[in-house]
Amino acid sequence: MAILPVLEYPDPQLKEISEPVDFEKEDLTEIIKDLLETLYDAPGCVGLAAPQCGIRKRVIIVDASRNPKVESRYGLMVLINPVIELQDGEILAREGCLSLPDLTANVRRAQTIRATAWDEHGVQRFIEASDFEARVILHEMDHLDGILFLDRVSSLKTDVFRRKRYAPKGGDKGGDKGGDKGGTSESTGKPEGSNTGKKDALPSVAAVGEKTDGAS
Ligand SMILES: [Zn+2]
């Protein structure tokens with residue numbers, strides 16, 4: 001088991017498309033253990049995709065239950081070769097990402113999804129997720145296709161925010177470990193409305209995720 005280093009933008013590997021897993025030939029046991037360890041080492045992180053750790057396999061892990069402010073129907077899920085079968089509705093909400101630790105952004109995604117995937121035992125799963133949990137799944141699945149949340153924002157000027165806690169000087173305790181506050185690094189789900197409208201205030205950023213490591 002090991003905590004894996006997480007690639008950060010603009011690492012070109014984050015733009016690559018990951019390969020499907022062949023269950024007959026591949027044993028993912030160690031990879032999944034390492035991904036889980038890496039996820040749970042990142043406070044507040046609710047999701048991680050294998051390619052974020054330089055593993056170009058279609059494997060994601062999601063645990064929306066790490067965000068105490070939202071509902072999680074499934075808790076921890078290991079999703080291999082996931083496919084979205086249906087998307088419905090639309091919600092704009094704030095997201096973070098371990099691979100973009102200094103930024104959050106308002107991203108429009110489906111409110112509800114249906115997906116299929118295989119779990120770590122090779123058993124097919126059928127998932128119906130909504131709101132935050134759906135958002136995390138979609139965010140992580142994007143990583144499998146080399147897509148980052150910056151690719152989905154409507155405007156880089158108005159929908160992308162610098163994390164407050166990342167003050168330039170070292171040693172700033174800024175975000176504190178409050179940890180669980182809203183967020184996740186990987187995907188927060190905070191309604192975008194939380195932005196106060198002041199131009200530079202970035203008020204909701206702190207709520208989004210303390211983690212530097214943004215999860216997904
Ligand atoms: Zn991410």
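All values reported here derive from a predicted model rather than from experimental measurement.

Our focus in this paragraph is the nonpolar core. Ranked by size, the top nonpolar core spans 19 residues in total, and within it Ile60, Leu79, Ile113 and Ile137 carry the most contacts. Secondary-structure elements contributing two or more residues to this core are strand E2 (59–63), strand E3 (76–88), strand E6 (112–118), strand E7 (124–130) and helix H2 (131–144). Sort the elements by how many residues they give to this core and H2 lands first, with seven residues. Leave out the neighbours within four places in its chain, and Ile137 touches Ile60, Val62, Met77, Leu79, Ile113, Ile127 and Ala129.

Attention now moves to the pattern of salt bridges. The tally for this structure, following the rule as stated, stands at twelve salt bridges. Across the pair Arg108 and Glu90 runs a salt bridge, and its minimum N-O distance is 3.6 Å. Of the two residues, Arg108 is situated in strand E5 (residues 103–109) and Glu90 in the loop between E3 and strand E4 (91–96); the sequence distance between them amounts to 18 residues. Several salt bridges share partner residues, and in doing so they unite Glu95, Arg109, Arg135, Asp142 and Arg152 into one network.

The omega torsion of the bond from Tyr9 to Pro10 falls at 10 degrees, within 30 degrees of zero and hence cis. Following the sequence through the fold, Pro10 ends up in the segment before helix H1 (29–41). Unusually for a residue other than glycine, Asn81 sits at a positive phi of about 50 degrees. Along the polypeptide, Asn81 turns up in strand E3. Positive phi is not limited to glycine here, since Asp131 has a value of about 50 degrees. Relative to the elements of secondary structure, Asp131 occurs in helix H2. Note on Asp131: relative accessible area 35%, which makes it partly exposed.

This part covers the pairing of E4. Along E4, five of the six residues are buried, which leaves the element largely enclosed by surrounding structure. Relative to E5, E4 is paired through six bridges, and the arrangement is antiparallel. Each residue of the ladder has a partner; that of Leu92, found in E5, is Arg108. Where E4 folds back on E5, the antiparallel hairpin that results is connected by six residues.

Tracing the backbone through its elements, the reader meets Val70 in the loop between E2 and E3. Judged by relative accessible area, which is 25%, Val70 ranks as partly exposed. Sequence-wise, Val70 and Asp131 are 61 residues apart; in three dimensions their C-alpha atoms are separated by 8.8 Å. Excluding anything up to four places from it in sequence, Val70 contacts Ala64 and Phe132.

Quick notes on the rules
Residues numbered from 1 in each chain as written. Predicted model: local features only at pLDDT ≥ 70, side-chain atom pairs only at ≥ 80, totals over all residues. Heavy atoms only, no water. Core = buried A, V, L, I, M, F, W, Y, C linked by side-chain atoms within 4.5 Å. Buried < 20%, exposed > 50% of the residue type's maximum accessible area, 1.4 Å probe, protein only. Helix = DSSP H or I, 4+ residues; strand = E, 2+ residues; numbered from the N terminus. Contact = heavy atoms within 4.5 Å. Salt bridge = Lys/Arg side-chain N within 4 Å of Asp/Glu carboxyl O. Pairing = 2+ DSSP bridges.

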